[in-house]
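Coordinate inspection notes
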Amino acid sequence: MATTKDLPTVFSEVAEFIPLVQKVSETCMGHIKTIQDTDSLQDLRPAVEGCTEKAAQLDKMFLHVIGASDAQQQYRMVAKGDRLEHVMEAILEHMTELATSSLFVDVAGTSVDELKEALRKVKGMADSLPNEESSYSFYNSGSGWMNVNTGTAPQNNNNGSGYQFNGPIHGFQPPK
């Protein structure tokens, strides 16, 4: 990570917690094989799936940003508004839920306290991406129409009394 020039500091901060998450995950997954109560395991399915989904997202962020020529810009593109610290926060919350469940509390041991401390630290991190706000501002002082499209989709406006047909019309005859 040290070789990436403009890497946001959040990457090194979040990377500190990855070994803890891996340790707890391996401990819980190893213990699953010994559990006979499948109903209790089903109750934990959302936490496991949520953790798996967020872990894949975290991996994707690290994979695409580390080593990129413009890491800051690449991070913005890969994150799509979902900051790295929020992804790690979700992972830690899911892992804490798993580790504190009755099925894993005995095997998780002191890892629960470590997870809670890591979660506290991640929640205290500064936002790694600024809030994206629109750079557009509009002011209409008259009484006329103000049709504004700031997105990439087409905008079709009919501000008069005539008919407006958008797209192909097959076999349709407008009224006369």
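Residues numbered from 1 in each chain as written. Predicted model: local features only at pLDDT ≥ 70, side-chain atom pairs only at ≥ 80, totals over all residues. Heavy atoms only, no water.

This paragraph deals with the pattern of salt bridges. On inspection of all chains with the given rule, the structure shows five salt bridges. Here lysine 23 makes a salt bridge to glutamate 114, at a shortest N to O gap of 3.5 Å. Pair noted here: lysine 23 is in helix H2 (residues 18-32) and glutamate 114 is in helix H8 (residues 111-123), with a separation of 91 residues, a long-range link. Overall, the relative accessible area of 36% leaves lysine 23 in the partly exposed class. Note that aspartate 82 and lysine 54 form a salt bridge whose closest N and O atoms lie 3.4 Å from each other. With aspartate 82 in the loop between helix H5 (71-79) and helix H6 (84-100) and lysine 54 in helix H4 (residues 45-65), this residue pair connects regions lying 28 residues apart in the sequence. (Salt bridge = Lys/Arg side-chain N within 4 Å of Asp/Glu carboxyl O. Helix = DSSP H or I, 4+ residues; strand = E, 2+ residues; numbered from the N terminus. Buried < 20%, exposed > 50% of the residue type's maximum accessible area, 1.4 Å probe, protein only.)

Mapping valine 78 onto the fold places it in helix H5. Accessibility expressed as a relative area gives 12% for valine 78, which makes it buried. Considering only alpha carbons, one finds valine 78 and lysine 60, 18 residues apart in sequence, at a separation of 7.9 Å. In contact with valine 78, not counting residues within four places along its chain, are Lys60, Met61 and His64. (Contact = heavy atoms within 4.5 Å.)

Moving on to the environment of valine 14. Relative to the helices and strands, valine 14 is located in helix H1 (residues 10-15). Owing to a relative accessible area of 0%, valine 14 belongs among the buried residues under this scheme. Considering only alpha carbons, one finds valine 14 and valine 87, 73 residues apart in sequence, at a separation of 9.5 Å. With near-sequence residues (within four places) excluded, valine 14 lies in contact with Leu58, Phe62, Leu84, Glu85, Met88 and Met125.

Quick look at the nonpolar core now. The biggest cluster of nonpolar side chains holds 39 residues, and the ones touching the most others in it are Leu84 and Met88. Of all the secondary-structure elements, those providing two or more residues to this core are H1, H2, H4, H5, H6 and H8. It is H6 that contributes the most residues to this core, eight residues altogether. In this view, leucine 84 contacts Val10, Phe11, Val14, Leu58, Met61, Phe62, Tyr75 and Ser128; residues no more than four positions away in its chain are not counted. (Core = buried A, V, L, I, M, F, W, Y, C linked by side-chain atoms within 4.5 Å.)

The next point concerns the packing of aromatic side chains. On inspection of all chains with the given rule, the structure shows two aromatic pairs. Here the aromatic rings of phenylalanine 11 and phenylalanine 62 are separated by 5.0 Å at their centres, their planes lie at 75°, and the arrangement is edge-to-face. Here the residue phenylalanine 11 occupies a position in helix H1, and phenylalanine 62 occupies one in helix H4, the gap between them amounting to 51 residues. Here phenylalanine 62 falls in the buried class, since its relative accessible area comes to 13%. Arranged with centres 5.2 Å apart and planes meeting at 80°, the rings of phenylalanine 11 and tyrosine 75 form a pair that is edge-to-face. Linking phenylalanine 11 in helix H1 with tyrosine 75 in helix H5, this pair joins segments that are 64 residues apart in sequence. The pair formed by phenylalanine 11 and tyrosine 75 is uniform in burial state, with each residue classed as buried. Here the aromatic cluster, defined as three or more aromatic residues joined through ring pairs, consists of Phe11, Phe62 and Tyr75. (Phe/Tyr/Trp six-rings, centres within 6.5 Å; stacked < 30°, edge-to-face > 60°.)

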